[in-house]
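What follows is the residue order along each chain.
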Number of protein chains: 2
Amino acid sequence: MASIFTKIVNGEIPCYKIAEDENYLAFLDINPLEKGHTLVIPKKETDYIFEIEDDAFAGLHIFSKKVAKALHKAVPCKRIAMAVLGLEVPHAHIHLIPMNDLGATNFMKPKLKLPAAEMEEIAEKIRKAL
Amino acid sequence: MASIFTKIVNGEIPCYKIAEDENYLAFLDINPLEKGHTLVIPKKETDYIFEIEDDAFAGLHIFSKKVAKALHKAVPCKRIAMAVLGLEVPHAHIHLIPMNDLGATNFMKPKLKLPAAEMEEIAEKIRKAL
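Residues numbered from 1 in each chain as written. Chains lettered and ligands numbered in written order. Predicted model: local features only at pLDDT ≥ 70, side-chain atom pairs only at ≥ 80, totals over all residues. Heavy atoms only, no water.

*Asks:* Is there a simple way to think about the overall build of chain A in this case?
*Replies:* Within chain A, the secondary structure is distributed over three helices and five strands. Along the chain direction, N to C, the helices and strands of chain A fall in the order α-β-β-β-α-β-β-α. The C-alpha atoms of chain A give 14 Å as radius of gyration, which agrees with the globular expectation for 130 residues (14 Å, within 12%). Seen along its three principal axes, the alpha-carbon backbone of chain A occupies a region of about 35 × 30 × 30 Å. Here chain A holds 130 residues, and the buried ones make up 55% of them. Counting contacts in chain A only where the partners sit at least 6 residues apart, residues at least 24 apart contribute 57% of the total. Within the structure as shown, chain A displays about 6000 Å² of accessible surface, and the carbon and sulfur contribution to it stands at 54%. (Helix = DSSP H or I, 4+ residues; strand = E, 2+ residues; numbered from the N terminus. Rg over C-alpha atoms; globule rule 2.2 N^0.38 Å. Buried < 20%, exposed > 50% of the residue type's maximum accessible area, 1.4 Å probe, protein only. Contact = heavy atoms within 4.5 Å. Areas by Shrake-Rupley, 256 points an atom, 1.4 Å probe, with all protein chains shown as cover.)

Here is the structure:
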């Protein structure tokens, strides 16, 4: 069965899109730890990120770097944190999280629930900073 | 002033070394969140990871992937989590953390303090799995 992220890639499920190319896609996490929390995925579905071939693995990270720089311009924070866990959705994804303290990558924290209008506004700011 | 990690690269400060090549170095985090918690760094000192040039950034991640695979073989866990924060040491570093739950990348958690003999034993296991 296609992962929820493959459904997003295929346009079957909507997303707040940040950036896209032939191989990779970035969109806002619908359950963000911080405002601007973004996911970057390879379009080709692979569960465990360390199983991705070197070229695609490198490309995914370089794509993430571009998104991280835009995110840092668009959302006030000290830095952008990067995290990969992969226990919940079996489709490799990199979390980019605007960070102000060491709790930024604590996935046990309660998630934010932001109105759709605010999510769209955040996505638009990040897209403009790309 | 050289970062503490540059001092490790130069052999001025000892480490539990896991892997090394011309450009990158992996060693055990001395204050691990989990047993086997490993740091991967570029030998060339750069503070913010997203300022590293594409080639070196890609190489750092591919090197990390090799280390992560060995770590996963050597230390019982569900997966290896990857995290980059960078608020504490101004020399880019990737955390590779054996993960069993979503708290794996919570840097607010108390750190482990393991005896030197156990640290060396863990490092040796990971090196053998490379």
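*Asks:* Help me out: how do you make sense of the relation of the copies chain A and chain B in this one?
*Replies:* Two copies of the chain are present, and they differ by a rotation about an axis and a shift along that axis. Laying chain A over chain B is done by rotating through 180° and shifting 0.0 Å along the axis; what remains is an RMSD of 0.0 Å. Here the copies are linked by what is in effect a two-fold axis. With an isologous cut-off of 70% or more, the 100% of interface residues of chain A that recur at the interface of chain B puts this contact in the isologous class. (Least-squares fit on C-alpha atoms with pLDDT ≥ 70 in both.)

*Asks:* Would you mind showing me how to read the packing of aromatic side chains here?
*Replies:* The geometry of an aromatic ring pair comes down to the distance between the two centres and the angle between the two planes. All names here are of chain A. The tally for this structure, following the rule as stated, stands at eight aromatic pairs over all chains. A ring pair is formed by phenylalanine 5 and phenylalanine 27, whose centres lie 5.6 Å apart and whose planes are at 70°; its orientation type is edge-to-face. Here phenylalanine 27 lies in strand β2 (residues 24-28) and phenylalanine 5 lies in helix α1 (residues 4-9), a separation of 22 residues in the sequence. Arranged with centres 5.5 Å apart and planes meeting at 85°, the rings of tyrosine 48 and phenylalanine 50 form a pair that is edge-to-face. (Phe/Tyr/Trp six-rings, centres within 6.5 Å; stacked < 30°, edge-to-face > 60°.)

*Asks:* Teacher, can you tell me more about the pattern of salt bridges here?
*Replies:* Opposite charge on two side chains lets them pair, provided their charged atoms get close. For the structure on display, the rule yields 20 salt bridges over all chains. In this structure, glutamate 34 of chain A engages lysine 109 of chain A in a salt bridge whose closest nitrogen and oxygen atoms are separated by 3.3 Å. Of the two residues, glutamate 34 of chain A is situated in the loop between β2 and β3 (38-42) and lysine 109 of chain A in the loop between β5 (94-99) and α3 (116-129); the sequence distance between them amounts to 75 residues. Overall, lysine 109 of chain A belongs to the partly exposed group, its relative accessible area being 23%. As a salt-bridge pair, arginine 127 of chain B and glutamate 124 of chain B come within 2.7 Å of each other at their nearest N and O atoms. (Salt bridge = Lys/Arg side-chain N within 4 Å of Asp/Glu carboxyl O.)

*Asks:* Help me out: how do you make sense of the nonpolar core in this one?
*Replies:* Across soluble globular proteins, nonpolar side chains have a tendency to be buried as a group. By size, the foremost hydrophobic cluster in this structure holds 70 residues, and its most contacted members are Ile49, Phe50 and Leu96 of chain A together with Ile49, Phe50 and Leu96 of chain B. Residue contacts for isoleucine 49 of chain A: discarding those within four places in its chain leaves Phe57, Leu60, His61, Val84, Ala92 and Ile94 of chain A. The next biggest cluster of nonpolar side chains, apart from the first, holds 17 residues, and it includes Ala104 of chain A together with Leu33, Leu85 and Ile97 of chain B. (Core = buried A, V, L, I, M, F, W, Y, C linked by side-chain atoms within 4.5 Å.)

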